[in-house]
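# Structural features, examined
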Amino acid sequence: MFINFSDIPKHQNLFLDYLHEFDNVKEFYNHNFRNKEIFPALFKSIEESRKSKDFQISPIIKAQYSDFQTCSNKTLKNIDSLDNVKTIAVVTGQQVGIIGGPLYTIYKILTIVRLSSQLNERFDDYKFVPVFWLESDDHDFNEVRSMNIFDSDNQVLNIGYKSEIEDDDAKLSVGNIVFDESINDFLSSLDNSLRQTDFKEELIKNLKTFYASGKSFKQSFKELLFWLFDEYGLVIFDPQDSAVKQLLKPIFIKEVNDFPEHTEKLIQRSADLEELYHAQVKVKPVNLFYHTNDGRYSIEPVDDVFKLKRKRKQFTKEEILLEIENAPERFSPNVLLRPICQDYLLPTGFYIAGPSEISYFAQITPLYDFYKVATPIVYPRTSITLIEKNVNAALDKYDLSLNDIFMGLNDLKTKVISGLSENNVETSFVNAENEIELIFDRIKENLFSVDKTLVDSSVKYKEKVLSVINELKSKAVKAQENKHETTVRQLTRISNLLYPNENLQEREINFTYFYNKYGDELIKKIYEEMSIGDFEHQLIIL
């Protein structure tokens, strides 16, 4: 079962046109992801570009895997193949959110695994490898510190590691933040909040192994993904590695040397987007951060020097170029330059993206030409709502679809209860309000001929009458809900589970809630049933 994204609230027009009206947005993207006829030419282009590369990425990734005692043969073969010119990477990435973050992280990974498998079946001349890029340089601690599950009352429960911090204090790359003993309190809260099932003991045991005092957000996240997806051959790539930063020196140097030209083009592209849609990311003059012991800082060119934002440190151009040469590990790309770094290092044929990423790729495409890097196909990730059988039965009971749930809880209650009641309270009061409007319109016409000053008074009296009517309506609606208390409770439960916080389930809920109920069969079922070629929101019944 599928729902068109245009029927789901909160999606931007740029994303919707990218999916369904590509001709409207083709000036902003280099490839139409639906046009399979362009695939071979892109693969050949990537193959030719890799022949001139003077570095190898496989040994670096192998070294990154040294912490794991065992690794599947499938993953090892995929790592080895990345330096073969006939290999095409299918890439996605995500912030290192605690316990994996929202469900869409899982869906992004399963999309690259599934797409790689399908491409391997279709194109015999190439090998396709799923690669996950750890976005661990990000500094938004508040975004990654907590996760949501459903509690025993089917309410959204937020469980967090430590407290939120002020924006001005959010300077450290979250991937490098090391857990202290407070992580045990976080895991205890999760343990106490999950219901007892056949899978809970093993789940909590594994999470306590991955997320332990002394480990970083990045290391814990990586161990979690390895546990869940190593059997699928997923390659997990850490771009913070100092060996990786050595390879990125040409990109960093070019960014410093040529930033005026880059910036001019990006500003023009953003302006073009603003006229028709929106620009997802604010353009900065230099798309680099500089890292010190106390955090990472934007690099801002001012006259003839490069200053660090919010810090009393600056470089001349010669000094910053020398710093890149001698200590590239102190630099990292921002959101606009990150894809360039990624696709310079990897033979990326496809980047699996969510709606926001698809939007900012519209800004990024000019940079690929500047850096002479092949632009990958931006492929929409699979989007899913998981529906448990008892919830699906409740939908059938009230003859509801997920589109009805997207109306919001109040409108949902009105629709269902109105259908159950002999007297439609909502309709009665709407009719009454319309009649009152007509009555006062007639009164105003008569008052014009009597005393025009009374016309304004009639408006005030009408508002008073409508206010009383609305007060009575609220009481009537409340009484009707009390009469159908069981129905309201069931509708609230359905809405919470399928549209938590009036947002897509995949954006709010962590995978542990469902894994605790279904074990590793959950991942297998999603992988087997997910569609990666319909490009609509999918419903999967568990």
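Each remark here, short or long, concerns the structure printed above.
A brief structural summary. The model shown is predicted, which means the values in this text are computed figures rather than measured ones.

### Section: the overall build of the chain
Counting its regular elements, the chain contains 23 helices and 15 strands. Within the chain, buried positions represent 54% of all 542 residues. Residue pairs in contact within the chain that sit at least 24 positions apart in sequence constitute 76% of those at least 6 positions apart. Summed over all atoms, the accessible surface of the chain reaches about 25,100 Å², with 45% contributed by carbon and sulfur. Positive and negative charge centroids in the chain, built from 65 and 85 side chains respectively, lie 1 Å apart.

### Remarks on unusual backbone geometry
Unlike most non-glycine residues, K10 shows phi in positive territory, near 80°. As for its placement among the helices and strands, K10 is situated in the loop between β1 (2-3) and α1 (13-20). For I99, which is not glycine, the phi torsion reads 55° and is therefore positive. By the secondary structure assignment, I99 is in the loop between β2 (87-95) and α5 (104-122).

### Concerning the packing of helix α8 (residues 200-210) against helix α9 (residues 217-229)
Close contact between α8 and α9 brings their axes to 8 Å; oriented N to C, the two are set at 140°. As far as their axial angle goes, α9 and α8 are oblique. Between α8 and α9, the contacting residues are L203, N206, L207, T209 and F210 on the first element and S220, E223, L224 and W227 on the second.

### Digging into the pattern of salt bridges
Scanning the entire structure with this criterion turns up 21 salt bridges. For E357, the salt bridge goes to K108, with nearest N and O atoms at 2.9 Å. Here E357, found in helix α14 (residues 355-371), pairs with K108, found in helix α5; they are 249 residues apart in sequence, far enough to count as distant. By relative accessible area, E357 is classed as buried at 10%. For K108, a relative accessible area of 2% corresponds to the buried category. Note that D238 and K218 form a salt bridge whose closest N and O atoms lie 3.0 Å from each other. With a gap of 20 residues between them, D238 in the loop between β6 (235-237) and α10 (242-247) and K218 in helix α9 connect regions that are remote in the sequence. For D238, a relative accessible area of 12% gives the class buried.

### Observations concerning the pairing of strand β13 (residues 377-380)
With burial as the criterion, each face of β13 is covered, one bearing I377 and Y379 and the other bearing V378 and P380. The parallel pair strand β12 (residues 348-353) and β13, bridged by α14, forms a crossover whose chirality is right-handed.

### Details of the environment of K284
Residue position: K284 is located in the loop between α11 (249-276) and β7 (288-292). Relative accessible area serves as the criterion here: at 30%, K284 is assigned to the partly exposed category. Taking the C-alpha atoms as reference, K284 lies 8.0 Å from E300; in sequence the two are 16 residues apart. Non-local contacts of K284, meaning those with residues more than four positions away in its chain, are made with T263, S298 and N334.

### Points about the sheet that holds β6
If you trace the five strands from one edge of the open sheet to the other, you get β6-β3-β2-β12-β13, paired in parallel fashion. Edge positions in the open sheet fall to β6 and β13, since each of these has one partner strand only. Neighbouring strand axes in the sheet, compared pairwise and without regard to direction, differ in orientation by 30° on average. Pairing analysis gives three bridges linking β2 to β12, with the strands arranged parallel. Note that in β12 the partner of A89 across the bridge is T348. α9 contacts β2, β3 (127-135) and β6 of the sheet and is inclined by roughly 150° relative to β3.

### Regarding the sheet that holds strand β8 (residues 295-302)
Strand order across the open sheet formed by five strands is β10-β9-β8-β7-β11, with antiparallel pairing between neighbours. This sheet does not close on itself; its edge strands, each paired only once, are β10 (314-316) and β11 (331-333). Between one strand and the next, the sheet's axes are offset by a mean angle of 35°, whatever the strand orientation. Summarising the sheet, β7 and β11 pair through three bridges and their orientation is antiparallel. Note that in β11 the partner of L288 across the bridge is P333.

Quick notes on the rules
Within each chain, residues carry numbers counting from 1 in the order of the written sequence. Side-chain atom pairs in this predicted model are given and counted only at pLDDT of 80 or more, local residue features only at pLDDT of at least 70, and totals for whole chains, interfaces and linings cover all residues. The basis for every side-chain value is the complete set of heavy atoms in the structure, and neither hydrogens nor water enter the calculation. Elements are defined by DSSP. Helices are runs of H or I of four residues or more, strands are runs of E of two residues or more, and each kind is numbered from the N terminus. Remark: exposure states derive from per-residue accessible area (1.4 Å probe, protein chains only) relative to the maximum for the residue type, with buried under 20%, exposed over 50%, and partly exposed in between. Should any heavy atoms of two residues lie within 4.5 Å, those residues are considered in contact. Here the accessible surface of atoms and residues is derived via Shrake-Rupley with a 1.4 Å probe, and residues count as covered only by protein chains that are part of the display. Only four residue types enter the tally: Lys and Arg on the positive side, Asp and Glu on the negative side, with His and both chain ends excluded. Think of each charge as sitting on NZ of Lys, CZ of Arg, CG of Asp or CD of Glu. Every axis corresponds to a line fitted to the C-alpha atoms, with the helix fit spanning only the stretch in contact, and the corresponding angles, defined between N-to-C directions, vary from 0 to 180 degrees. Should an angle fall under 35 degrees it is called roughly parallel, over 145 degrees roughly antiparallel, and 65 to 115 degrees roughly perpendicular, with every other angle called oblique. By convention in these notes, a salt bridge is any Lys or Arg side-chain nitrogen within 4 Å of a carboxyl oxygen on Asp or Glu. When the strands point away from the viewer, a crossover counts as right-handed if the route from the first strand across the helix to the second turns clockwise. Only strands joined by at least two bridges in the DSSP assignment are considered to pair.

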